[in-house]
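Summary of structural features
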Amino acid sequence: MSELRISSIETRGVPGKKRYAMVIDLRRCIGCDACMVACKAEFDVPLGVFRTWVPYKVIGKYPTVRKMFLPRLCNHCDDPPCVRACPVEATYKVDDGGFVLQRYDRCIGCKACMASCPYNARFMLPKHRTYTDITRVVDKCTFCHHRVTQGLVPACVQTCVGRSRIFGDLNDPASEVSYLVNSLPTQVLRPEEGTKPHVFYIGADRNHTEIGRKIYNPQDVMEVERAVFNQNHS
Amino acid sequence: MGDFNIFHIMPWSGTYAIYFFVIGISAAMFFFSALSWYRPEFQVLRKPAFNVSFVLLAAGGLLLIADLTQPMRFLNILNPAYLNFSSPLAWGGLNLVTFGLVSIAYFMTMRKNDEATSRKLAVAGALLALGLPIYTGFDLTVHQNRPVWNTPLMPVLFVALSLLSGAAVATFIAKGEKLLEMLRRFMLWSAGAVAAMLVSLLGTTAYGGSGSELTFMFMTSGTLGAVFLGLGILVGTVAPIAVLLTNSGKQQSGMMLAGGLLLVGGMALRYSILIGGQIVQTYF
Ligand code: SF4
Ligand code: SF4
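Reference entry: report on the structure contained in this document. (Residues numbered from 1 in each chain as written. Chains lettered and ligands numbered in written order. Predicted model: local features only at pLDDT ≥ 70, side-chain atom pairs only at ≥ 80, totals over all residues. Heavy atoms only, no water.)

Turning our eyes to something else, we now look at the site of ligand 1. Around ligand 1, the neighbouring residues are A:Cys74, A:Asn75, A:His76, A:Cys77, A:Pro80, A:Pro81, A:Cys82, A:Val100, A:Cys117, A:Tyr119, A:Arg122 and A:Lys140. Of the residues assigned to the shell around ligand 1, the class counts are eight nonpolar, two polar and two charged. (Near = heavy atom within 4 Å. Nonpolar A, V, L, I, M, F, W, Y, C, P; charged D, E, K, R; others polar.)

Let us now look at the packing of helix 6 (residues 177-206) of chain B against helix 8 (residues 225-245) of chain B. Residue and element names in this part refer to chain B. Where helix 6 meets helix 8, the closest approach of the two axes is 10 Å, and the angle between their N-to-C directions is 140 degrees. The element helix 6 and its partner helix 8 pack so that their crossing is left-handed. When helix 6 is examined against helix 8, the residues Arg184, Met187, Leu188, Ala191, Gly192, Val194, Ala195, Leu198 and Leu202 are found in contact with a partner set consisting of Phe228, Ile233, Thr237, Ile241, Leu244 and Leu245. Residues of the contact of helix 6 with helix 8, tallied by class, amount to 12 nonpolar, two polar and one charged. (Axes fitted to C-alpha atoms, helices over the stretch in contact; angles between N-to-C directions. Helix = DSSP H or I, 4+ residues; strand = E, 2+ residues; numbered from the N terminus. Left-handed = near helix turned anticlockwise from the far one by under 90°. Contact = heavy atoms within 4.5 Å.)

Residues and elements named next belong to chain B. Taken N-terminus to C-terminus, the directions of helix 4 (residues 115-141) and helix 5 (residues 153-173) make an angle of 140 degrees; their axes are 7 Å apart at the nearest point. By the angle between their directions, the pair helix 4 and helix 5 is classed as oblique. Of the two elements, helix 4 crosses helix 5, and the hand of that crossing is right-handed. Contact residues: Leu130, Pro133, Ile134, Thr136, Gly137, Phe138, Leu140 and Thr141 in helix 4; Met154, Pro155, Phe158, Val159 and Ser162 in helix 5. When its residues are assigned to classes, the contact of helix 4 with helix 5 shows nine nonpolar, four polar and no charged. (Parallel < 35°, antiparallel > 145°, perpendicular 65-115°, else oblique.)

The tally for this structure, following the rule as stated, stands at 22 aromatic pairs over all chains. Each ring, one from B:Phe31 and one from B:Phe32, has its centre 5.8 Å from the other, and the planes form 50 degrees; the classification is tilted. Classification of B:Phe31 by relative accessible area gives partly exposed; the value is 28%. Aromatic side chains B:Phe42 and B:Phe186 sit 6.4 Å apart centroid to centroid with 75 degrees between the ring planes, which places their arrangement in the edge-to-face category. Of this pair, B:Phe42 sits in the loop between helix 1 (14-35) and helix 2 (46-67) while B:Phe186 sits in helix 6; the two residues are 144 residues apart in sequence, bridging distant segments of the chain. The exposure classification of B:Phe42 matches that of B:Phe186, with both residues buried. Connected via pairs of aromatic rings, a cluster forms that spans B:Trp12, B:Tyr16, B:Tyr19, B:Phe20, B:Trp149 and B:Phe158. Lying across the ring of A:Tyr56, A:Lys67 places its NZ or CZ 4.3 Å from the centre. Sitting over the face of the ring of B:Trp149, B:Arg146 holds its NZ or CZ atom 5.6 Å from the ring centroid. (Phe/Tyr/Trp six-rings, centres within 6.5 Å; stacked < 30°, edge-to-face > 60°. Buried < 20%, exposed > 50% of the residue type's maximum accessible area, 1.4 Å probe, protein only. Lys NZ or Arg CZ within 6 Å of the ring centre and 35° of its normal.)

Contacts between the two partners involve 58 residues from chain A, matched on the other side by 44 residues from chain B. Of the roughly 4,800 Å² buried at the junction of chain A and chain B (both faces included), carbon and sulfur atoms supply 57%. Contact with chain B buries area across many residues of chain A, yet A:Ile108, A:Tyr216 and A:Arg226 alone supply 15% of it, more than any other trio. Viewed at the interface, chain B and chain A are joined by zero salt bridges. Applying the counting rule to chain A against chain B returns 28 residue pairs in polar contact (both at pLDDT 80 or more). (Buried area = accessible area lost by both parts, 1.4 Å probe. Salt bridge = Lys/Arg side-chain N within 4 Å of Asp/Glu carboxyl O. Polar contact = N/O pair within 3.5 Å; in protein donor to acceptor, adjacent residues only side chain to side chain.)

Function-wise, these values are silent; they only describe arrangement.
Next comes the structure, spelled out in structure tokens:
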């Protein structure tokens, strides 16, 4: 059955086009953070900001407790609000493949894309970097466009010890991601925003995917850390 | 204990609220200057209101540019090859620049006492001025993931806030009973409209799903409560309406008091709406 497409930018199910996607099987994620490290190494991602990150939560009360991980990254949305929001087309979607990428030399740093992304996938690069002069523009995960176009998988997928992260073309019915998305129950984050995310989770827990009540009374230790973070990053 | 998350910043800082405030006043002041060609009681405001408008426009523009992390690249927004018309920022950039150009032309024709052209430019400029609060409202409205922002009210609310803040500033330079009465009405009606819109906004935020509900809590009983409820609604909207309805509210001094309160409210409301829409998501 073909997917319902609202906007002409969407390429899921369009014949002759690739639509890359990632499946993250949370039953297999052990929270080793190897993907975070691989990503940092691949792109020299500066301190304090992340293209992919693995938050965890401890759910329940002793003796019924569980530690849950939810690897996060840009969802390479099929209808990305960040692309709509950028006044100068510094962020754009690659038609064949569905990558949402940045033009670093064009970004003016207005942060409209950051405001429009429901997933906090975007961040501002700091003023000083050691190995590159790409600074003070917005950056994010690229689905490892440079690797994927060479026939490799993204660095985080390559390194995932639990084989929790699986990558492939969702428009190819024979791909592993198609098999998983079509045969297992999957979830995406904040589907109500209409972004049509292309990172699918197997076994995502609502404790993680919902905005929890707890944020109204956050733990003091978290707020201290947050204050330090804000000092360094705003 | 035992949670680990990456912290996220609010993309749009308080500077934007100052920009909204300044540009809203600039737009309304141009409107009053333009009105002077068609309503004689506004004649005393023609030049001073324009001057205020122009200075604030320049200040607002600089503020906006300085807030970019790549300030010199603001020129990209004027490059037709780059412009993305699905972004309200692109429209806003064009609106701002055209308004600036029309303002300069209007200043020149006013100096030459060329009444016919001035009248035409006044109308064109007033329409462009109306575009400023509308586009700033749209800047927020289009982000479907943001509570408070993502409502059709924003552009209209910003127009009302602009008119109210502009009229408040004008009371300080106005002369003549008729003009003051007009300004009093402008303040009263736009403050009334703002109050009505805030009631709806509070309603849709309180019952708009878990993210909105939490935002409502932050804006009322939480960290933003004092600014939003205290300064924005009580001190900055309800109190000035009450002052304007009394007898002393019909004198210039009373109107100045109300105007001052409205300015405090206008700034507080813009700030808390801007920040309010971003708090919850920093935890996601
Ligand atoms: S996750 Fe955010 S940054 Fe990535 S495509 Fe979607 S809206 Fe854009
Ligand atoms: S910060 Fe850069 S990429 Fe993001 S919307 Fe502005 S110009 Fe576009």
